[in-house]
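What follows is the residue order along each chain.
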Amino acid sequence: TTVIRVIMYRDEIDKKWEAILDKPVKHLVEVVKLLQPTREGTSAIMDVWDRQWLNDKMERTRPAEASMFMASFRLECSDIADALKDSGVAGCYIEPRSSDGRSPDPAFRVIWLNKYDKQGAMIASQSTAVWTCIVRSGGRFGLRVSIDNAQKVHEQHKPMTPFLTSDQVLTYHVGPIPHGSNRSALNKLFQSWSWQARPCQPKSRTPDGKGVVWECQAICKPPFEVYQLEHADVLITEVQKKPFKPAALRPNIQASAKTMAFLKASDSP
């Protein structure tokens, strides 16, 4: 079986939004070829779950006010690469998921395209020699590729941005960086340090006013933690991820008030 998530965007569909509010899953089946029954009348859909109406901020909202609708499907099929080429047709984007549906399929990777609209993403897909399909997340567009071709496609469409070979990235604060430095200058600086890192955004000024602290991502630690430049010594500090705190377990005992009071008073499990 294969699990996919289908996301339908309100601003791309060819029907009025009010016409699909009652039966959004039925509309998805009508427009997405992968979900349609075969000529024999058999359907590959085994299960449908996680139906959500979302706004532009990916927050749940009322259906009439939503900007998108998404649902997860489990299908009785194995290879959906050819079917993924239809992603984006009629405003419906197909995302392959893991077998439990909780995370993206690790066999694929998304190369996000900076400042591209849908037309630009389609042209980028057509100009790529290897297999790709269009991806959309809110107002961002990109190309989904197989994990083996990810670096090749990244270097074709984003040659000025370093490619990180893993999604398990580390976050660092680097500074002080001289005022007025841009991402291109930082990329050249990191290359001179033999550090494969990607500058993200400036975070704050340093207290002494000698420069700016930049947030960067990398898949490995830098060769050194301090580098000496003309204006100051640049310190690289790893940003520790916040530890995951599991939600407190609620008591699942169902009993009368008298029994509950007895259980609280005693030390027996």
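All values derive from a computational prediction rather than experimental measurement.

S.K.: Which residues make up the overall build of the protein, and what are the values?
M.R.: Counting its regular elements, the protein contains 6 helices and 12 strands. What you see for the protein is a C-alpha radius of gyration of 25 Å, clearly larger than the 18 Å of a compact globule of 269 residues, by over 25%. Of all 269 residues assigned to the protein, the portion counted as buried reaches 38%. If you take every contact in the protein between residues at least 6 apart in sequence, the share linking residues at least 24 apart comes to 63%. Averaged over its 37 positive side-chain charges, the protein has a centre that lies 4 Å from the centre of its 30 negative ones.

S.K.: How would you summarise helix 5 (residues 183-192) if you had to cite specific residues and measurements?
M.R.: Counting along an α-helix, one turn takes 3.6 residues, and residues three or four places apart therefore face a common direction. When helix 5 is considered as a whole, its buried residues turn out to be Leu-186, Asn-187, Leu-189 and Phe-190. Within helix 5, the buried residues cover an arc of 165° as seen down the axis, which keeps them to one side. Counted as exposed and oriented over 90 degrees from the buried face of helix 5: Lys-188, Gln-191 and Ser-192.

S.K.: Residues and numbers for the sheet that holds strand 11 (residues 226-228), please.
M.R.: Ordered in space as 9-10-8-12-11, the 5 strands form an open sheet in which the pairing is antiparallel. On the outer flanks of this sheet lie strand 9 (197-205) and strand 11, each paired with one strand and no other. Direction aside, the axes of adjacent strands within the sheet are offset by 25° on average. Direction of pairing for strand 11 relative to strand 12 (residues 233-238): antiparallel, over a ladder of 3 bridges.

S.K.: Mind laying out a nonpolar patch on the surface, listing which residues take part and the relevant values?
M.R.: Taken together, the side chains of Ile-253, Phe-262 and Leu-263 present a nonpolar region at the surface, about 290 Å² in accessible area. With respect to the helices, strands and loops of the structure, Phe-262 is situated in helix 6 (residues 257-265). Note on Phe-262: relative accessible area 57%, which makes it exposed.

S.K.: Provide a residue-level description of the side chain of Arg-136, including the pertinent values.
M.R.: Structurally, Arg-136 can be placed in strand 6 (residues 133-137). For Arg-136, a relative accessible area of 12% corresponds to the buried category. A distance of 2.6 Å separates a polar atom in the side chain of Arg-136 from a polar atom in the side chain of Glu-12. Here Gly-138 takes part through its backbone oxygen, which lies 2.6 Å from a polar atom of the side chain of Arg-136. Contact partners of Arg-136, with chain neighbours within four places excluded, come to Tyr-9, Asp-11, Glu-12, Tyr-93, Trp-112 and Phe-141.

S.K.: How would you sum up the nonpolar core? Please name residues and give values.
M.R.: Core analysis: the biggest nonpolar cluster contains 25 residues, and Ile-4, Leu-28 and Phe-73 have the highest contact counts within it. Mapped onto this core, the elements with two or more residues apiece are strand 1 (2-9), helix 1 (24-31), strand 2 (45-54), strand 3 (68-75), helix 2 (81-84) and strand 4 (92-97). Per-element accounting of this core gives the leading share, 4 residues, to strand 3. Counting residues in each nonpolar core, the second largest holds 18 residues, with Tyr-93, Leu-113, Leu-143 and Val-153 among its members.

S.K.: Report on the pairing of strand 8 (residues 170-177), specifying residues and quantitative values.
M.R.: Pairing of strand 8 with strand 10 (residues 212-218), which is carried by 6 bridges, proceeds in the antiparallel orientation. In the sheet register, Tyr-172 faces strand 10, and the bridge partner there is Cys-216. Where strand 8 lies against strand 12, 4 bridges are found, and the strand directions are antiparallel. From the neighbouring strand, Gly-175 faces strand 12, where its bridge partner is Leu-235.

S.K.: Got a sec to walk through the pattern of salt bridges? Specific residues and values, please.
M.R.: With the rule as written, the count across this model stands at 9 salt bridges. With its nearest N and O atoms 3.0 Å apart, the salt bridge here joins Arg-136 to Asp-11. Highlighted residues: Arg-136 in strand 6 and Asp-11 in the loop between strand 1 and helix 1, separated in sequence by 125 residues. Where Glu-12 meets Lys-118, a salt bridge forms, and the shortest distance between an N and an O atom there is 2.7 Å. In this pair, Glu-12 sits in the loop between strand 1 and helix 1 while Lys-118 sits in helix 3 (residues 118-126), placing the two residues 106 residues apart along the sequence. Several salt bridges share partner residues, and in doing so they unite Asp-11, Glu-12, Lys-118 and Arg-136 into one network.

Quick notes on the rules
- Residues numbered from 1 in each chain as written.
- Predicted model: local features only at pLDDT ≥ 70, side-chain atom pairs only at ≥ 80, totals over all residues.
- Heavy atoms only, no water.
- Helix = DSSP H or I, 4+ residues; strand = E, 2+ residues; numbered from the N terminus.
- Rg over C-alpha atoms; globule rule 2.2 N^0.38 Å.
- Buried < 20%, exposed > 50% of the residue type's maximum accessible area, 1.4 Å probe, protein only.
- Contact = heavy atoms within 4.5 Å.
- Lys, Arg positive; Asp, Glu negative; His and termini not counted.
- Charge placed at Lys NZ, Arg CZ, Asp CG, Glu CD.
- Arc of directions from axis to C-beta.
- Pairing = 2+ DSSP bridges.
- Axes fitted to C-alpha atoms, helices over the stretch in contact; angles between N-to-C directions.
- Patch = residues over 30% accessible without salt bridge, like charges linked within 9 Å, V, L, I, M, F, W, Y side chains within 5 Å.
- Areas by Shrake-Rupley, 256 points an atom, 1.4 Å probe, with all protein chains shown as cover.
- Salt bridge = Lys/Arg side-chain N within 4 Å of Asp/Glu carboxyl O.
- Polar contact = N/O pair within 3.5 Å; in protein donor to acceptor, adjacent residues only side chain to side chain.
- Core = buried A, V, L, I, M, F, W, Y, C linked by side-chain atoms within 4.5 Å.

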